[in-house]
Amino acid sequence: MRLVVSIGGSVLAPELDPDRVAAYADALDRLAAEGCETGAVVGGGGVAREYITTARELGGNEVELDELGIGTTRLNARLLIAALGDAAAPAPATAYDEAATALRRGEIPVMGGMTPGQTTDAVAVALAEFVDADLLVFATSADGVYDADPDSHRDATRFGEVSPAELVDVVLPMSRDAGASAPVDLLAAKLIDRAGIRAVVLDGTDPDAVVDAALHGDHTGTNVVPEGGTDPAAWTEER
Ligand code: UTP
């Protein structure tokens, strides 16, 4: 099956820990060994936020700050590439067709950010659509999609499954409230809805969770299932 994994920066590199990055690389290697053609998209995490905050205090405009963020995501992408060695394309892809070409060559393309005004969530969806992925896994610091921001609403409940349109509805108010952190950004949700992409949002702290979700559909996060969507064929074949 064809897979895109979006790895949040705070999941891959909350601090610079080689073991953590190596564990993610190992998970991607195991997926490859099981026949998954996988593309990875890496976020910026705390390091991006530090750069952005500092540059904002220095008077940088929002596009400048986004460019700093993109630079940070590509640094994190290079960490994952270093850990993957020959299995990965040697540099972060800076265009979707470049990533698709690497995938066809049998390499794991790793991307960071692309365009100001969005986050790597949207990059991951665009890559998933571009390569016609069977599944997109968001390995985030949230353990799924809730009906309200769980940080500020104690009674927030987690969805087992949402449609892409419901995902847009859930994420929309969170994107308006300063400080609320949506599990997936609004543009990404809209692109999922537009393309009808099958996705999973899960806690990516343990990279094994990504492997279990991708190979068997087993996870404790939230499934995003387009109308009329079916399980990836690889899951059905083994049952
Ligand atoms: P992230 O994708 O890590 O953003 O990109 P995030 O969602 O804020 O981070 P997490 O998930 O909470 O860890 C970091 C920053 O890089 C810029 C944005 O400023 C973003 O906040 N960026 C990233 C872009 O401008 N365009 C992109 O395509 C990607």
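Report follows, based on the coordinates.

Conventions we followed
- Residues numbered from 1 in each chain as written.
- Predicted model: local features only at pLDDT ≥ 70, side-chain atom pairs only at ≥ 80, totals over all residues.
- Heavy atoms only, no water.
- Helix = DSSP H or I, 4+ residues; strand = E, 2+ residues; numbered from the N terminus.
- Rg over C-alpha atoms; globule rule 2.2 N^0.38 Å.
- Buried < 20%, exposed > 50% of the residue type's maximum accessible area, 1.4 Å probe, protein only.
- Areas by Shrake-Rupley, 256 points an atom, 1.4 Å probe, with all protein chains shown as cover.
- Near = heavy atom within 4 Å.
- Nonpolar A, V, L, I, M, F, W, Y, C, P; charged D, E, K, R; others polar.
- Pairing = 2+ DSSP bridges.
- Contact = heavy atoms within 4.5 Å.
- Salt bridge = Lys/Arg side-chain N within 4 Å of Asp/Glu carboxyl O.
- Core = buried A, V, L, I, M, F, W, Y, C linked by side-chain atoms within 4.5 Å.

Let us now look at the overall build of the protein chain. Counting its secondary structure elements, the protein chain contains 10 helices and seven strands. Against the 2.2 N^0.38 benchmark of 18 Å for 239 residues, the protein chain shows a C-alpha radius of gyration of 17 Å, consistent with a compact globule. Sorting the 239 residues of the protein chain into buried and exposed places 46% on the buried side. Element-wise, carbon and sulfur atoms account for 49% of the exposed surface of the protein chain, whose accessible area totals about 11400 Å².

It is worth spelling out the site of the ligand at this point. Taken together, 19 residues form the shell around the ligand, and within it Gly 44, Asp 66, Met 114, Thr 115 and Thr 120 come nearest. Protein chains bury 80% of the 570 Å² of accessible surface belonging to the ligand in isolation. Contributions of two or more residues to the shell around the ligand are made by α3 (45-57), α4 (62-84) and α6 (120-130). Per element, the largest residue contribution to the shell around the ligand is four residues, and it comes from α4. Residues belonging to the shell around the ligand are distributed by class as follows: five nonpolar, 12 polar and two charged.

In terms of burial, strand β6 (residues 199-203) is largely enclosed, as four of its five residues are buried. Of the pairings in the sheet, the one linking strand β4 (residues 135-140) to β6 comprises five bridges and is parallel in character. For Ala 139, the partnering residue across the bridge sits in β6 and is Leu 202. Bridge analysis of β6 against strand β7 (residues 222-224) gives three bridges, and the strand direction is antiparallel.

Bringing the environment of Tyr 96 into the picture now. Locating Tyr 96 in the fold gives a position in helix α5 (residues 96-104). Linking Tyr 96 and Ala 188, residues 92 residues apart in sequence, is a C-alpha distance of 15 Å. Setting aside its immediate chain neighbours within four residues, Tyr 96 contacts Met 111, Met 114, Val 123, Ala 126, Leu 127 and Phe 130.

Counted by the stated rule, this structure contains seven salt bridges. Residue Asp 26 pairs with Arg 30 through a salt bridge whose shortest N-O separation is 3.4 Å. Highlighted residues: Asp 26 and Arg 30, both in helix α2 (residues 18-33), separated by four residues, approximately one helical turn. You can call Arg 30 partly exposed: its relative accessible area is 32%. Where salt bridges share partners, they join Asp 26, Arg 30 and Asp 208 into one cluster.

Here the focus is the environment of Gly 204. Among the secondary structure elements, Gly 204 is positioned in the loop between β6 and α9 (207-216). Given a relative accessible area of 0%, Gly 204 falls into the buried group. A sequence separation of 185 residues divides Gly 204 from Asp 19, and the C-alpha atoms of the two residues are 15 Å apart. Residues within four places of Gly 204 in sequence aside, it is in contact with Val 11, Tyr 24, Ala 139 and Thr 140.

One open sheet holds the seven strands; their spatial order is β3-β2-β1-β4-β6-β7-β5, and the pairing between them is mixed. Each of the sheet's edge strands pairs with one partner strand only, and the pair in question is β3 (110-111) and β5 (161-162). One ladder, built from two bridges, connects strand β2 (residues 37-42) with β3; its direction is parallel. Each bridged residue has a counterpart across the sheet, and for Ala 40 the counterpart in β3 is Val 110.

Counting residues in hydrophobic clusters, the biggest one holds 35 residues, and the most contacted among them are Val 4, Leu 136 and Phe 138. Among the secondary structure elements, those contributing two or more residues to this core are α5, α6, β4, α7 (164-176), α8 (186-195) and β6. The biggest single contributor to this core is α6, with six residues. If we ignore the near neighbours within four places in the chain, the residues touching Val 4 are Gly 39, Val 41, Ala 124, Leu 127, Ala 128, Val 131, Ala 133, Leu 135, Leu 136 and Val 137. By size, the runner-up hydrophobic cluster in this structure holds 32 residues, among which are Leu 3, Val 110, Val 200 and Val 211.

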